[in-house]
Amino acid sequence: MTARTTTPATSEVSAATYDRLLDEVLASFEHTPDPRARQVLQALVRHAHAFLREVRPTLSEWSYAVDFLTRTGQRCSDTRQEFVLLSDVLGLSMLTEAINDSDIEAVTDSTVLGPFHMTKSPPRALGDSIDMVGTGTPCLITGTVTSAAGQPLAHASVDVWQCDENGLYDVQAPERIPAGHGRGLFRTDADGRFAFRTIVPSHYPIPTDGPVGELLKTADRHPYRPAHIHFIAAAPDTAT
Ligand SMILES: [Fe+2]
């Protein structure tokens, strides 16, 4: 009898065995009724098998991977989305955005949603301030929402959210930042224009006290995002 070890097998397990295993799993999904679900599941299996065949994880490495994903899920809450962070730092959020982006040159490129759009922005009137604290550097934001053809869109919704001058969103420090600080939901005027007052946001680190922080530390990557304000513009019967 041969003792089981944690050392990955090499020569004794042939590529033919790996191929047979892959074929069996792919076949097990062959009768998935929804064709799109079948395509996605079989592609996932093919790529995951190729990944493992490339990196040849030890059993302890595989166990760490399972534990990492388990802890990533456990770190999620109503006000924190560790899986979105993971998707962001792996470039998967941005790739999905790019895949779904409009091909029309004039349309503003979309970008990642980020992990802090988990509360509803308070409706505000045009020209109002989204700053509810008053300690940052004031600034005025103006813009126009148009169709891809350049036609101004009246009564379009403009949802904005940002961090404060210390790099914190309201949900990250609810004990001292009022809910809704740095957030606002506006409607464009008859000419598609919007304007609001706010403060200059700071660059900020993504949360590093969870599994994604652990990943960044392993890779010696910094956790900072440049200063920015998030926007979602939407109008009835208009793709966004
Ligand atoms: Fe952000």
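Residues numbered from 1 in each chain as written. Predicted model: local features only at pLDDT ≥ 70, side-chain atom pairs only at ≥ 80, totals over all residues. Heavy atoms only, no water.

1. Regarding the UniProt feature "domain: Intradiol ring-cleavage dioxygenases" (unreviewed entry) in the protein
Then comes step 1: Under the UniProt annotation, the feature "domain: Intradiol ring-cleavage dioxygenases" (unreviewed entry) is placed at residues 141-169.
Then comes step 2: With 0% helix and 31% strand, residues 141-169 has its two end C-alpha atoms placed 19 Å apart. (UniProt positions renumbered as here; feature names shortened; annotations may be inferred. Helix = DSSP H or I, 4+ residues; strand = E, 2+ residues; numbered from the N terminus.)

2. Details of the packing of aromatic side chains
Then comes step 1: Summed over the entire model, instances satisfying the criterion amount to 7 aromatic pairs.
Then comes step 2: For the pair Y64 and F68, a centre-to-centre distance of 6.3 Å together with 35 degrees between the ring planes defines the contact as tilted. Note that Y64 and F68 are positioned in helix α3 (residues 59-74) at a spacing of 4 residues, about one turn of the helix.
Then comes step 3: Taken together, a centroid distance of 6.2 Å and an interplanar angle of 70 degrees make the contact between F116 and Y204 edge-to-face. With a gap of 88 residues between them, F116 in the loop between α5 (92-100) and β1 (138-144) and Y204 in strand β5 (residues 204-205) connect regions that are remote in the sequence. For the residue pair F116 and Y204, the accessibility class agrees, reading buried in each case.
Then comes step 4: Cluster of aromatic residues (ring-pair linked, three or more members): F186, F194, F196 and F231. (Phe/Tyr/Trp six-rings, centres within 6.5 Å; stacked < 30°, edge-to-face > 60°. Buried < 20%, exposed > 50% of the residue type's maximum accessible area, 1.4 Å probe, protein only.)

3. Observations concerning the sheet that holds strand β2 (residues 157-161)
Then comes step 1: An order of β3-β2-β7 is seen for the 3 strands of this open sheet, with the pairing classed as antiparallel. In this open sheet, the two edge strands, each paired with only one partner strand, are β3 (183-187) and β7 (230-234). Strand-to-strand twist in this sheet, taken as the mean axis angle between neighbours without regard to direction, amounts to 15 degrees.
Then comes step 2: Direction of pairing for β2 relative to β7: antiparallel, over a ladder of 5 bridges. From the neighbouring strand, V160 faces β7, where its bridge partner is F231. (Pairing = 2+ DSSP bridges. Axes fitted to C-alpha atoms, helices over the stretch in contact; angles between N-to-C directions.)

4. Structural notes on the nonpolar core
Then comes step 1: Counting residues in hydrophobic clusters, the biggest one holds 11 residues: I130, I141, V145, L153, A156, V158, V160, F186, F194, F196 and A235.
Then comes step 2: Of all the secondary structure elements, the ones that give two or more residues to this core are β2 and β4 (193-199).
Then comes step 3: Among the nonpolar cores identified, the runner-up in size contains 7 residues, and F68, L86, V89 and V212 belong to it. (Core = buried A, V, L, I, M, F, W, Y, C linked by side-chain atoms within 4.5 Å.)

5. Side note on the coordination of the iron ion
Then comes step 1: With distances of 2.0 to 2.1 Å, the protein atoms coordinating the iron ion are Y169 (OH), Y204 (OH), H228 (NE2) and H230 (NE2).
Then comes step 2: Note that the iron ion binds 4 donor atoms; their angles at the metal cover 93 to 155 degrees, and the shape is irregular.
Then comes step 3: Positions of the donor residues of the iron ion along the chain correspond to the pattern Y-x34-Y-x23-H-x1-H. Here the residue Y204 occupies a position in strand β5, and H228 occupies one in the loop between β6 (224-225) and β7, the gap between them amounting to 24 residues. (Donors = N, O, S within 2.8 Å, 3.2 Å for Na, K, Ca; no water. Tetrahedral: all angles 85-135°; square planar, octahedral: opposite > 155°, others 65-115°.)

6. Some points on helix α4 (residues 82-89)
Then comes step 1: Where α4 is concerned, the buried positions are E82, L85, L86, D88 and V89. Projected down its long axis, α4 carries its buried residues within an arc of 160 degrees, all on one side.
Then comes step 2: Elements that come into contact with the buried residues of α4 comprise α3, α5, α6 (211-219) and β6.
Then comes step 3: The opening residue of α4, the one whose side-chain oxygen lies 3.0 Å from the backbone nitrogen of F83, is Q81. (Arc of directions from axis to C-beta. Contact = heavy atoms within 4.5 Å. Polar contact = N/O pair within 3.5 Å; in protein donor to acceptor, adjacent residues only side chain to side chain.)

7. Quick look at the environment of L85
Then comes step 1: Note that L85 resides in helix α4.
Then comes step 2: Judged by its relative accessible area of 1%, L85 is buried.
Then comes step 3: Setting aside residues no more than four positions away along its own chain, L85 makes contact with P115, I206, P207, V212 and R225.

8. Notes on a nonpolar patch on the surface
Then comes step 1: Nonpolar side chains collect at one region of the surface, where L90, L92, L95 and I99 lie side by side and expose about 400 Å² of accessible area between them.
Then comes step 2: Structurally, the position occupied by L92 is in helix α5.
Then comes step 3: Taking relative accessible area as the criterion, L92 reaches 44% and is therefore assigned partly exposed. (Patch = residues over 30% accessible without salt bridge, like charges linked within 9 Å, V, L, I, M, F, W, Y side chains within 5 Å. Areas by Shrake-Rupley, 256 points an atom, 1.4 Å probe, with all protein chains shown as cover. Salt bridge = Lys/Arg side-chain N within 4 Å of Asp/Glu carboxyl O.)

9. As for the domain arrangement of the protein
Then comes step 1: What the domain assignment reports for the protein is domain 1 (15-74) and domain 2 (82-234).
Then comes step 2: Each of domain 1 and domain 2 has a C-alpha centre, and the two are 35 Å apart.
Then comes step 3: Tallying the contact residues gives 6 residues for domain 1 and 7 residues for domain 2.
Then comes step 4: Summed over both sides, the interface of domain 1 with domain 2 buries roughly 570 Å², with 70% coming from carbon and sulfur.
Then comes step 5: The largest contributions to the domain 1 side of the interface with domain 2 come from F68, R71 and T72, which together make up 75% of the buried area.
Then comes step 6: Across the domain 1-domain 2 interface, the total number found is 1 salt bridge. (Domains from an automatic or database assignment. Buried area = accessible area lost by both parts, 1.4 Å probe.)

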